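The residues making up each chain are set out below.
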Amino acid sequence: MVRDYNNRHALEQKLRSAPTPPAADHLMVGHWRTIATVLARTGQEEAVRQAIASVSELSLRFSGPGEWLVVSEVEAPSGLVRHLEELCGGRAYVVDQSDGRAVFRLAGPNARTILAKGIGLDLHPAVFPLGGSANVLCGHIPVNLARTEEDAFELIVARSYAESLFDDLMRMGRAFDLTAAFSD
């Protein structure tokens, strides 16, 4: 039996009729982002981190000791994997995660307050600095949370949890008239 699978985003049904003007607090869903997991070989952690951090187009997200998620908005999945393998020079394992993850960007003056409703992590700028990231639970859903701007956070979640996380974030932001749409 031949099946024809369409490559669709996990939230395509929910975001079909997104609002035109975003509110002050807005949830953007990255339609397609390139994401890879990088796991450094023993003793190579700092060399791998420095090599990846030296490329400004790549966003490095701490995932665990010697392990990072790397996000790119300019490279295709195979190109990112190849680029990371060259950068790491055999000092790390690289695995494409693009099809298995969804990226949410929550921005606005109430972003911290919205996230505080479901995340047990101090998001004060003095504690969670710009560029900081951590693996946390948002309600019951495991996410990688990163602070990307003064009042903006990105959440990376397994694709299978994307719809549940979306629903939770929209519920958490209801008091602030949170809007949502796919990002360009």
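Heads up: the structure comes first, above all this text.
Below you will find a few notes about this structure. (Residues numbered from 1 in each chain as written. Predicted model: local features only at pLDDT ≥ 70, side-chain atom pairs only at ≥ 80, totals over all residues. Heavy atoms only, no water.)

1. Section: the overall build of the protein
Along the backbone of the protein there are four helices and ten strands. Its helices and strands in sequence order give the protein the pattern β-β-α-β-β-α-β-β-α-β-β-β-α-β, from N to C terminus. Within the protein, the fraction of its 184 residues that count as buried is 44%. Partitioning the intrachain contacts of the protein with sequence separation of at least 6 by distance along the chain shows that 67% fall at a separation of at least 24. Surface accessibility of the protein: about 9700 Å² in total, with carbon and sulfur atoms responsible for 50%. (Helix = DSSP H or I, 4+ residues; strand = E, 2+ residues; numbered from the N terminus. Buried < 20%, exposed > 50% of the residue type's maximum accessible area, 1.4 Å probe, protein only. Contact = heavy atoms within 4.5 Å. Areas by Shrake-Rupley, 256 points an atom, 1.4 Å probe, with all protein chains shown as cover.)

2. A few points about the sheet that holds strand β1 (residues 26-30)
Here we have six strands laid out as an open sheet, ordered β7-β8-β9-β6-β1-β10, and mixed in their pairing. Single-partner strands in this sheet number two, and they are β7 (133-138) and β10 (179-182). Shown here is a sheet whose adjacent strand axes are inclined to one another by a mean of 30°, direction ignored. Taken together, the six bridges between β7 and strand β8 (residues 141-149) define a ladder with antiparallel strand orientation. The partner of Ser133 across the bridge, within β8, is Ala146. The strands that helix α4 (residues 162-172) touches are β1, β6 (101-107), β7, β8, β9 (152-158) and β10; relative to β6, the one it contacts most, it runs at about 10°. (Pairing = 2+ DSSP bridges. Axes fitted to C-alpha atoms, helices over the stretch in contact; angles between N-to-C directions.)

3. Concerning the nonpolar core
The tendency in soluble globular proteins is for nonpolar side chains to be buried as a group. In this structure, Phe104, Leu115, Leu145 and Leu165 are the most contacted members of the largest nonpolar core, which totals 27 residues. At the level of elements, β1, β6, α3 (111-116), β7, β8, β9 and α4 are the ones that each hand at least two residues to this core. Among all residues touching Leu145, those that are not within four sequence positions of it are Leu115, Ile119, Leu121, Leu123, Phe128, Gly132, Ser133, Ala134, Val136, Phe153, Glu154 and Leu155. Of all hydrophobic cores here, the second largest spans 16 residues; its members include Ile52, Val55, Leu87 and Val94. (Core = buried A, V, L, I, M, F, W, Y, C linked by side-chain atoms within 4.5 Å.)

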